[in-house]
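Observations on the model geometry
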Amino acid sequence: MSHVMDAIVHRRSIRSYLDKPVSKEMIDQIIKAGFYAPSALECCSWHFVVVDDRKVINQLMEVHPYLQMAAEAPCLIVLCNDSEENPRYWIDDSAAAAQNMLLAAYDLGLGSCWCAVHKTPERRTAFQQILNLPEHLIPFAAIVIGYPNESFDPPERVDQNRIYHNHYGQH
Ligand SMILES: Cc1cc2nc3c(=O)[nH]c(=O)nc-3n(C[C@H](O)[C@H](O)[C@H](O)COP(=O)(O)O)c2cc1C
């Protein structure tokens, strides 16, 4: 299996982390992977907020019911996008950047978990307030990062019944 394919298949959402800091170089690499994602019209309108202050992590956890794993993690990166600069494709571009970041984290031996933010209006507003984001900068997701304290075998995901040739229903 190629290196890239290995990361794609073996990356898992990690929700238990070791009490061990992640270096700035590693965080920089993960953010670099975000910046290198494909972007419609090459807008590249991402912004990244690295959060490693426990007080701020706790504030974010208080407004996000599915971010509990951040309690153990040394940091998270809030991936934001400028909806004014990129009104048409900011969601698509953000998703591409998020996946790149998860794969980069895996490549560095780190665990990660993509936690949705932008779809829930109260959550989005609360993140904007806590992080001092201007209104046009939308917090898309919190990417929790840390050394993994759990591992999982890849599930079987390929479903031949959902693959078609030329027309839906033709296998
Ligand atoms: C858009 C999106 C939002 C997600 N939000 C959360 C979340 O808020 N909390 C969480 O623990 N996991 C979240 N996840 C992770 C999924 O639960 C996870 O990807 C899924 O269970 C499949 O597991 P895997 O990532 O290990 O393949 C999210 C994933 C995506 C793509």
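Summarised in this report is the structure supplied together with it. (Residues numbered from 1 in each chain as written. Predicted model: local features only at pLDDT ≥ 70, side-chain atom pairs only at ≥ 80, totals over all residues. Heavy atoms only, no water.)

**A closer look at the side chain of Asp82**
Test applied: By definition, any uninterrupted DSSP run of H or I lasting at least four residues is a helix, any uninterrupted run of E lasting at least two residues is a strand, and each is numbered from the N terminus. Whether a residue is buried, partly exposed or exposed follows from its accessible area with a 1.4 Å probe, protein chains only, as a fraction of its type maximum: under 20%, in between, or over 50%, in that order. For the purpose of charge, His is not counted, nor are the chain termini; Lys and Arg are scored as positive and Asp and Glu as negative. Salt bridge, as used here: a side-chain nitrogen of Lys or Arg that lies within 4 Å of a carboxyl oxygen of Asp or Glu. Polar contacts, as used here, are pairs of N or O atoms within 3.5 Å; protein pairs need one atom able to donate a hydrogen and one able to accept it. Residues neighboring in sequence count only if both atoms are side-chain atoms. Residues count as neighbours in contact if any of their non-hydrogen atoms are within 4.5 Å of one another.
Mapping Asp82 onto the fold places it in strand β2 (residues 75-82). With no salt bridge to any partner, buried Asp82 finds its closest opposite charge in Arg124, at an N-O distance of 11 Å. Reaching out from Asp82, the side chain makes a polar contact with the backbone nitrogen of Glu84 at a distance of 3.0 Å. At 3.1 Å, the side chain of Asp82 and the backbone nitrogen of Glu85 are in polar contact. Sequence-distant contacts of Asp82, that is, excluding residues within four places in its chain, are made with Ser45, His47, His136 and Leu137.

**With respect to the sheet that holds strand β3 (residues 111-116)**
Cut-off, in case you're wondering: Should DSSP find at least two bridges between two strands, the strands are taken to pair. Angles run from 0 to 180 degrees between N-to-C directions of axes, and those axes are lines fitted to C-alpha atoms, restricted for helices to the stretch in contact.
With antiparallel pairing, 4 strands are arranged side by side in an open sheet as β1-β2-β4-β3. Both outer strands of the open sheet, β1 (46-51) and β3, are each paired with one neighbouring strand and no more. On average, each strand axis in the sheet is inclined to that of its neighbour by 25°, with strand direction left out of account. Sheet analysis places β1 next to β2, joined by 6 bridges and oriented antiparallel. Across the sheet, residue Phe48 finds its bridge partner in β2, namely Leu79. Lying on the sheet, helix α3 (residues 54-63) is in contact with β1 and β2; it crosses β2 at an angle near 65°.

**Looking at the site of the ligand**
Operational definition: Put simply, a residue is near a molecule or strand once any heavy atom of it comes within 4 Å of that molecule or strand. Accessible areas in this description were obtained via Shrake-Rupley with a 1.4 Å probe; residue shielding takes into account the shown protein chains only.
Every residue near the ligand is listed here: Arg11, Arg12, Ser13, Arg15, His64, Tyr66, Met69, Cys113, Trp114, Cys115, Ala116 and Arg157. Between the ligand and Arg12, the relevant distance is 2.9 Å, taken from an oxygen atom to a side-chain nitrogen or oxygen of the residue. In the environment of the ligand, a nitrogen atom lies 2.9 Å from a nitrogen or oxygen atom belonging to the backbone of Trp114. Isolated, the ligand exposes 620 Å² of accessible area, and the fraction of that covered by the protein chains is 61%.

**As for the state of the cysteines**
Counted only if it meets this: Cysteine sulfur atoms that come within 2.5 Å of each other are treated as a disulfide pair.
Tallied over the entire structure, the rule returns 0 disulfides. There is no disulfide at Cys75, and the cysteine sulfur nearest it, in Cys115, is 13 Å away. Its relative accessible area of 5% is what places Cys75 among the buried residues. Lacking any disulfide linkage, Cys115 is separated from the closest cysteine sulfur, that of Cys113, by 4.1 Å.

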